[in-house]
Amino acid sequence: MFKEALKLIKKYDTIIIHRHKYPDGDALGSQMGLAALLKDNFKNKRVFVVGDEALRLPFMLGKIDEIPDEYYKDALAIILDCGSARLISDDRYKLAAKTLRIDHHVYCEKIADLDIVDSTYESACGMVAMLAKECKWKLSPVSATALYTGMVTDSGRFVFDSTSARTFELAAFLMSQPIDLNTLHYNLYSEDFDDIIKKADNMHKIKFTQNNVAYIYTSRADLPADADAAPVVSTGLVGLMRDIKGVHIWVNFTESDDGVHVELRSNRYNINPIAVKYGGGGHKKASGCTVPDKATAMALLDDLNALADTEA
């Protein structure tokens, strides 16, 4: 699967690793994990990671490199965990001599010179772990922990139906290194008490459509002053509706200066085509997009309501 990718990695002395904007555990884990793997297994290569700040998972941030444009000359740019070109953080990947994408989202468009896309994987981290396994690369605690983090977060702690026997095989492969699971899970899932209270308050905002699509709509006025808060809030709130009995589609809308951030989820239906219709993408049961205004957001909600009226 990764034979051509390995050829590119061996060919270029400078490798610059990108991922999607507003990174989650999988985006950061695959980026930092691959960077550590390359540094450990190719001592003479220059490896850089670029992109925006990780607001959601600051403990995972690692070192984001600030590099000049000229570094892209004769370099390989690797894009991880990104299904759409417009979502790539730092569009200077276009300056690279060659581009490679490794991604597990539903395929929407060609992005790189070499696209390796497989939506049967639970995470991009799982794909990078398979790359390391197939190439017999040396693992370190740093690379293994980063990749395991992305696997556990994108699989919902190994409960989403994207989880497979291969997921556990690769998790076991990574756990051949000493991963501190207690610290990792504490960093991922512990919350300030004030944030727990805010979540409880937001539970009261949940509404339902005629066909039992659950949704929360948060206006810009109700957000923190931080202009980058919307994506963090949007992703955080959508999980509040996941376990409501009788709800098979749920969606969170969060207003921002860029429009309305939309996070769509389902445990039964393929909601990805609706996300694509409104300029987004993702997975069959977990997708996202940004729409220009509340009216468009409500049109999207109508589409979800109609989908919930069909047989899965």
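Predicted model only: the values in this text are computed from it and were never measured.

Draft legend 1. Spotlight on unusual backbone geometry. Even without being a glycine, Asp74 presents a positive backbone phi close to 60 degrees. Tracing the sequence through the fold places Asp74 in the loop between strand S2 (46–49) and strand S3 (75–80). The class of Asp74 is exposed, set by a relative accessible area of 54%. Positive phi, close to 65 degrees, is recorded for Arg157, a residue that is not glycine. Along the chain, Arg157 falls in the loop between helix H4 (141–154) and helix H5 (165–174).

Draft legend 2. The packing of H4 against H5, seen in detail. Between H4 and H5, whose axes approach to 9 Å, the crossing angle comes to 155 degrees. The orientation of H4 relative to H5 falls into the category roughly antiparallel. With respect to the hand of their crossing, H4 and H5 are arranged in left-handed fashion. On H5, the residues that touch Ala144, Leu147, Tyr148 and Met151 of H4 are Thr167, Leu170, Ala171 and Leu174. Split by residue class, the contact of H4 with H5 holds seven nonpolar, one polar and no charged.

Draft legend 3. Expanded view of the packing of aromatic side chains. Using the criterion set out here, one finds six aromatic pairs in the structure. Between Phe48 and Tyr71, the aromatic rings sit 5.2 Å apart at their centres with planes inclined by 45 degrees, giving tilted as the arrangement. Here Tyr71 lies in the loop between S2 and S3 and Phe48 lies in strand S2, a separation of 23 residues in the sequence. According to the relative accessible area criterion, Phe48 is buried, its value standing at 14%. Judged by relative accessible area, which is 25%, Tyr71 ranks as partly exposed. A connected cluster of aromatic rings, assembled from ring pairs, spans Tyr148, Phe158 and Phe168. Over the ring of Tyr189 we find Arg157; its NZ or CZ atom is 3.5 Å from the centre of that ring. One residue, Lys294, lies across the ring of Tyr217, its end atom 4.7 Å from the ring centre.

Draft legend 4. Examining the environment of Thr99 more closely. Relative to the assigned elements, Thr99 resides in strand S4 (residues 98–103). Apart from residues lying up to four places away in sequence, Thr99 is in contact with Leu76, Ala77, Tyr93, Ala112, Asp113 and Leu114. Polar contacts involving the side chain of Thr99 include one to the main-chain amide nitrogen of Asp113, which spans 2.8 Å.

Draft legend 5. Region of the structure containing a nonpolar patch on the surface. On the surface, a nonpolar cluster with roughly 290 Å² of combined accessible area is contributed by Phe193, Ile196 and Ile197. When you line up the elements, Phe193 lands in helix H7 (residues 193–203). By relative accessible area, Phe193 is classed as exposed at 59%.

Draft legend 6. Structural context of the pattern of salt bridges. With the rule as written, the count across this model stands at 13 salt bridges. The residue Lys199 makes a salt bridge to Glu191 at a minimum N-O spacing of 3.0 Å. By relative accessible area, Lys199 is classed as partly exposed at 30%. Among the residues examined, Glu191 registers a relative accessible area of 38% and is labelled partly exposed. Note that Arg265 and Glu263 form a salt bridge whose closest N and O atoms lie 3.0 Å from each other. Glu263 gets classed as buried once you look at its relative accessible area, which sits at 17%. Each of Asp69, Asp90 and Arg92 takes part in one network of salt bridges that share partners.

Draft legend 7. Structural detail: the side chain of Glu263. By secondary structure assignment, the location of Glu263 is in strand S9 (residues 259–266). Non-local contacts of Glu263, meaning those with residues more than four positions away in its chain, are made with Ser234, Thr235, Val238, Trp250, Val251, Asn252 and Ser287.

Draft legend 8. Seen up close, helix H1 (residues 3–11). When H1 is considered as a whole, its buried residues turn out to be Ala5, Leu6, Leu8 and Ile9. For H1, the arc enclosing every buried residue in end-on projection is 160 degrees, short of the 170-degree limit, so these residues lie on one face. Counted as exposed and oriented over 90 degrees from the buried face of H1: Lys3, Lys10 and Lys11. Against the buried residues of H1 lie strand S1 (14–19), helix H2 (25–41), S3, S4, strand S5 (114–117) and helix H3 (124–134).

Thresholds applied
Residues numbered from 1 in each chain as written. Predicted model: local features only at pLDDT ≥ 70, side-chain atom pairs only at ≥ 80, totals over all residues. Heavy atoms only, no water. Helix = DSSP H or I, 4+ residues; strand = E, 2+ residues; numbered from the N terminus. Buried < 20%, exposed > 50% of the residue type's maximum accessible area, 1.4 Å probe, protein only. Axes fitted to C-alpha atoms, helices over the stretch in contact; angles between N-to-C directions. Parallel < 35°, antiparallel > 145°, perpendicular 65-115°, else oblique. Left-handed = near helix turned anticlockwise from the far one by under 90°. Contact = heavy atoms within 4.5 Å. Nonpolar A, V, L, I, M, F, W, Y, C, P; charged D, E, K, R; others polar. Phe/Tyr/Trp six-rings, centres within 6.5 Å; stacked < 30°, edge-to-face > 60°. Lys NZ or Arg CZ within 6 Å of the ring centre and 35° of its normal. Polar contact = N/O pair within 3.5 Å; in protein donor to acceptor, adjacent residues only side chain to side chain. Patch = residues over 30% accessible without salt bridge, like charges linked within 9 Å, V, L, I, M, F, W, Y side chains within 5 Å. Areas by Shrake-Rupley, 256 points an atom, 1.4 Å probe, with all protein chains shown as cover. Salt bridge = Lys/Arg side-chain N within 4 Å of Asp/Glu carboxyl O. Arc of directions from axis to C-beta.

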